[in-house]
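# Overview (structure and organization)
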Amino acid sequence: MKLTDDEKAMLDGKEGKTVQRAMDFLIRYGEALGAERLVDTNNVGGYLIATRDNYHKASGNFDTVFSFTGLDSTETLELPKVKAYSTQLETDMDLEYYELQGKDIEDYNRYRANEQYLANIGIHLMCTCTPYLVGNVPVKGEHCAWMESSAVVYINSVLGARTNCEGNASSTASMLTGKTPYWGFHTDEHRLGTHLIQVEHEVQGMMEWGLLGYFAGKAVGEKVPVFDGIRHIPRRDDLKQFGAATASSGGVEMYHIPGITADAKTVQEAFGGKKPLYTLQYGAAERRAAYEQLNMLGSNRDVDFVMFGCPHNSLEQTWEICKMLEGKHIKDGSSLWILMPRALKDTATRNGFTRIIEAAGGVIMSDTCPALGRIMPKGTKVMATNSAKQAHYLPSIMGIESWYGTTQECINAAITGRWEGELK
Ligand code: F3S
């Protein structure tokens, strides 16, 4: 790999042993991927959380934990202040609701100390999978190094930023060096479309975008789909749910909706003038199949848990929920969790949203989610959600049944305790 002078200096240890180790890791990782050089980044999204197990194993020393999980080192290295602007993504608990989430005081104390450690080394504690909703909005062409598949596909496609889906170690190394391997979605070539999806069914509203995304991810795997035939301009939250769905049923990190997403104005431009490798249709049959797959694990219609906010909710989504919920109450014995970035929860509270949701028997949580934190209301058997991603993952992670549908259908299920959703 060709290194610049500043990269050589880091590799030679001029900035200390930890940065040297981080640079060594990035070079090995980049070479394994075929990268010929590194590129500067000043926007890294990572996930530095000590689990209960590794925290105990390291006798409560965060440097030991993160040397291992973040730098691939069994030797304890002291993490210096980060060099790149770095964001902590979603975490595994909400300090305000730790008991409701089934955590104990020991978890609470570990997590508080973990946050303090991260703040001390300069990591911004946004603690959400949607940092682009709360101020970290990369510009078109900006080289980033982000984890979290739903955020990666959003910033690559909608914003035109450039990132691969990074892991713990590579994002930590990028935080410390301000570098990332130049390969994959950092390059023009890799961003070109591979599959053309001709959309022949109306796609409007979040549930429909989730279905199209779920179909597309399954159909293209890790390739780059280009969608033609979209007749209604999606809202930002439609694209948020859509991208998360493509990255759940498949491993999509980038897509094009020419004229709407950032990189291409026309289908031809999205393919760089080349022919698509495959052309697929999305019509009534494909839509129904996606719906049935997402509801495959629902048999019991008695719902005891309704969950919104995967990826974390925007203010608008929470406002929509409040309009449907105001003056009503969820069924006794059911739970309603709404997940949103903490920075937005303050505004939600000011707007009266928290009061409406709590009066109805629900809660607004931040920082985490059921799939990532492995948390659910005690005794949950059947969930309903408007998120294709959560409907895809949570049943297998937590061994429950789930239903996928519109926000209104989920609210109805929270109020009545019964799932009456259907594909119209
Ligand atoms: Fe976010 Fe959890 Fe969904 S991290 S994207 S809410 S699985």
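All values derive from a computational prediction rather than experimental measurement.

Bringing helix H5 (residues 105-120) into the picture now. Its 16 residues place the ends of H5 23 Å apart at the C-alpha level, agreeing with the 22 Å of an ideal helix rising 1.5 Å per residue. If you check which residues of H5 are buried, you get Asp107, Tyr108, Arg110, Tyr111, Asn114, Tyr117 and Leu118. Considering only its buried residues, H5 is in contact with helix H3 (52-57), helix H4 (62-71) and strand S3 (86-88). For H5, the side-chain oxygen to backbone nitrogen distance between the N-cap and Glu106 is 3.1 Å, and the N-cap itself is Asp104. Following H5 by one or two positions, Gly122 adopts a phi angle in the positive range, close to 95 degrees.

The final tally for this structure, using the stated rule, is 25 salt bridges. In this structure, Lys389 engages Glu148 in a salt bridge whose closest nitrogen and oxygen atoms are separated by 3.0 Å. Here Glu148 lies in the loop between strand S4 (145-146) and helix H6 (149-159) and Lys389 lies in helix H16 (residues 388-398), a separation of 241 residues in the sequence. A relative accessible area of 14% means that Lys389 is categorised as buried.

Turning our eyes to something else, we now look at the site of the ligand. Taken together, Glu90, Cys129, Glu148, Ser150, Gly309, Cys310, Pro311, His312, Cys369, Ala371, Lys389 and Gln390 are the residues near the ligand. Residues of the shell around the ligand, tallied by class, amount to 5 nonpolar, 4 polar and 3 charged.

Under the defined criterion, the tally for this structure stands at 14 aromatic pairs. Their ring planes at 80 degrees and their centres at 5.1 Å tell us that Trp209 and Phe242 sit as a pair that is edge-to-face. Separated by 33 residues along the polypeptide, Trp209 in helix H8 (residues 206-220) and Phe242 in helix H9 (residues 236-249) bring together distant segments of the chain. Take Trp209 and Phe242: they sit in the same class, and that class is buried. The interplanar angle of 15 degrees and the centroid separation of 5.9 Å between the aromatic rings of Trp403 and Trp419 together place this pair among those described as stacked. With Trp403 in strand S13 (residues 401-404) and Trp419 in the segment after helix H17 (407-416), this pair connects stretches of sequence that are 16 residues apart. Across this residue pair, the class does not change: Trp403 and Trp419 are buried. Between the NZ or CZ atom of Arg37 and the centre of the ring of Tyr182, over which it lies, the distance is 4.0 Å. We note Lys323 situated over the ring of Trp319; from NZ or CZ to the ring centre the distance is 3.6 Å.

So, how was this worked out
- Residues numbered from 1 in each chain as written.
- Predicted model: local features only at pLDDT ≥ 70, side-chain atom pairs only at ≥ 80, totals over all residues.
- Heavy atoms only, no water.
- Helix = DSSP H or I, 4+ residues; strand = E, 2+ residues; numbered from the N terminus.
- Expected span 1.5 Å × (residues − 1).
- Buried < 20%, exposed > 50% of the residue type's maximum accessible area, 1.4 Å probe, protein only.
- Contact = heavy atoms within 4.5 Å.
- Polar contact = N/O pair within 3.5 Å; in protein donor to acceptor, adjacent residues only side chain to side chain.
- Salt bridge = Lys/Arg side-chain N within 4 Å of Asp/Glu carboxyl O.
- Near = heavy atom within 4 Å.
- Nonpolar A, V, L, I, M, F, W, Y, C, P; charged D, E, K, R; others polar.
- Phe/Tyr/Trp six-rings, centres within 6.5 Å; stacked < 30°, edge-to-face > 60°.
- Lys NZ or Arg CZ within 6 Å of the ring centre and 35° of its normal.

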